[in-house]
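One letter stands for each residue in the lines below.
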Amino acid sequence: MTGQTIIIRGDTQRALAKRLIDAAPLDHVVQIGEMTRSAEQNAKLHAMLSDIRKAETPVSHHSMDNLKLIFMNELRAEATFLPELNGGGMFLVGQRTSLLGKRQFAALIEIIYAYGAKHGVKWSEPMPLAA
């Protein structure tokens, strides 16, 4: 049996998932969790970080990867520090936007919007209206 991903959007998908579980051989794994970020959310994040790099803010000089880590730290996403092999210090592991659920990712975007508002960042795309 090959791996399958089912997005449960209603009773049909839920029934399919149950049938696949019932048919699965022993020693197979089922994992259920929140969907991770969407392609649209990821594209928005990169556009926003690019806008911040173009602006005059305290973090504008950082690389895109470092900006992601700076804002992930504000999100307080789970992270771990490990020691460098040469004993020179510690390095951060575990903070990856690709592992965020959609709600966490939306919260990250809100943190970036708040930072941008505080520092006068001009967004390349308009901020969505509240629903």
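Residues numbered from 1 in each chain as written. Predicted model: local features only at pLDDT ≥ 70, side-chain atom pairs only at ≥ 80, totals over all residues. Heavy atoms only, no water.

## A short note on the overall build of the protein chain
Test applied: Numbering of helices and strands runs from the N terminus, with a helix taken as a DSSP run of H or I at least four residues long and a strand as a DSSP run of E at least two residues long. When we talk radius of gyration, it's over C-alpha atoms, and the globule rule is simply 2.2 Å times the number of residues to the 0.38. Burial here depends on accessible area, computed with a 1.4 Å probe over protein chains only, as a share of the maximum for the residue type. Under 20% is buried, over 50% is exposed, and the range in between is partly exposed. Using a 1.4 Å probe, the Shrake-Rupley method yields the accessible areas, and only the shown protein chains count as cover for residues.
Looking only at helices and strands, the protein chain has four helices and two strands in total. Secondary structure elements of the protein chain occur, N-terminal to C-terminal, as α-α-α-β-β-α. Relative to the 2.2 N^0.38 estimate, which gives 14 Å for 131 residues, the radius of gyration of the protein chain is 20 Å and therefore markedly larger than a compact globule would have. Structurally, the protein chain occupies a C-alpha span of about 55 × 50 × 20 Å along its principal axes. The buried share of the protein chain, reckoned over its 131 residues, is 24%. For the protein chain, the exposed area adds up to about 9,600 Å²; of that, 55% sits on carbon and sulfur atoms.

## Some points on the packing of helix H3 (residues 64-75) against helix H4 (residues 102-119)
Defined as follows: As a rule, the C-alpha atoms of each element are fitted with a line to give its axis, helices using only the stretch in contact, and angles between N-to-C directions run from 0 to 180 degrees. An angle below 35 degrees is read as roughly parallel, one above 145 as roughly antiparallel, one from 65 to 115 as roughly perpendicular, and any other as oblique. Residue contacts follow a heavy-atom distance rule, with two residues in contact if any of their heavy atoms lie within 4.5 Å. Residues are grouped as follows: Ala, Val, Leu, Ile, Met, Phe, Trp, Tyr, Cys and Pro are nonpolar; Asp, Glu, Lys and Arg are charged; all remaining types, including Gly, are polar.
Between H3 and H4, the least distance of the axes is 9 Å, while the angle of their chain directions is 110°. Our classification of the angle between H3 and H4 gives roughly perpendicular. Residue-level contacts link Phe-71, Met-72, Glu-74 and Leu-75 of H3 to Gln-104, Ala-107, Leu-108, Ile-111, Ile-112 and Tyr-115 of H4. Considering only residue class, the contact of H3 with H4 consists of eight nonpolar, one polar and one charged.

## A closer look at H3
Stated formally: Under the convention used throughout, the expected extent of a helix is 1.5 Å for every residue step, that is, one less than its residue count. Working note: the arc is built from the helix axis to C-beta atom directions.
A rise of 1.5 Å per residue sets the reference length of H3, with its 12 residues, at 16 Å; its end C-alpha atoms lie 17 Å apart and thus fit the reference within 8%. Among the residues of H3, Leu-67, Lys-68, Phe-71, Met-72 and Leu-75 are the ones counted as buried. For H3, the arc enclosing every buried residue in end-on projection is 135°, short of the 170-degree limit, so these residues lie on one face. Positioned one or two residues after H3, Arg-76 has a phi angle of 65°, which is positive.

## Quick notes on the nonpolar core
What counts is decided by this rule: Only buried residues count toward a nonpolar core, which is a set of Ala, Val, Leu, Ile, Met, Phe, Trp, Tyr and Cys residues joined through side-chain atoms within 4.5 Å.
Core analysis: the biggest nonpolar cluster contains 18 residues, and Ile-52, Phe-71, Leu-108 and Ile-112 have the highest contact counts within it. Secondary-structure elements contributing two or more residues to this core are helix H2 (39-54), H3 and H4. With six residues, H4 is the largest single contributor of residues to this core. Apart from residues no more than four positions distant in its own chain, Phe-71 is found in contact with Leu-49, Ile-52, Leu-108, Ile-111, Ile-112 and Tyr-115.

## Side note on a nonpolar patch on the surface
Spelled out, the test is: To count toward a patch, a residue needs a relative accessible area above 30% and no salt bridge. Like charges then connect within 9 Å, nonpolar side chains (Val, Leu, Ile, Met, Phe, Trp, Tyr) within 5 Å. Salt bridges are defined as contacts in which a side-chain nitrogen from Lys or Arg sits within 4 Å of a carboxyl oxygen from Asp or Glu.
Residues Ile-21, Val-30 and Ile-32 make up a contiguous nonpolar surface patch of about 320 Å² in total accessible area. Structurally, Ile-21 can be placed in helix H1 (residues 11-23).

## Structural notes on unusual backbone geometry
A positive phi angle, close to 70°, is found at Asp-27, a residue other than glycine. Here Asp-27 falls in the exposed class, since its relative accessible area comes to 82%.

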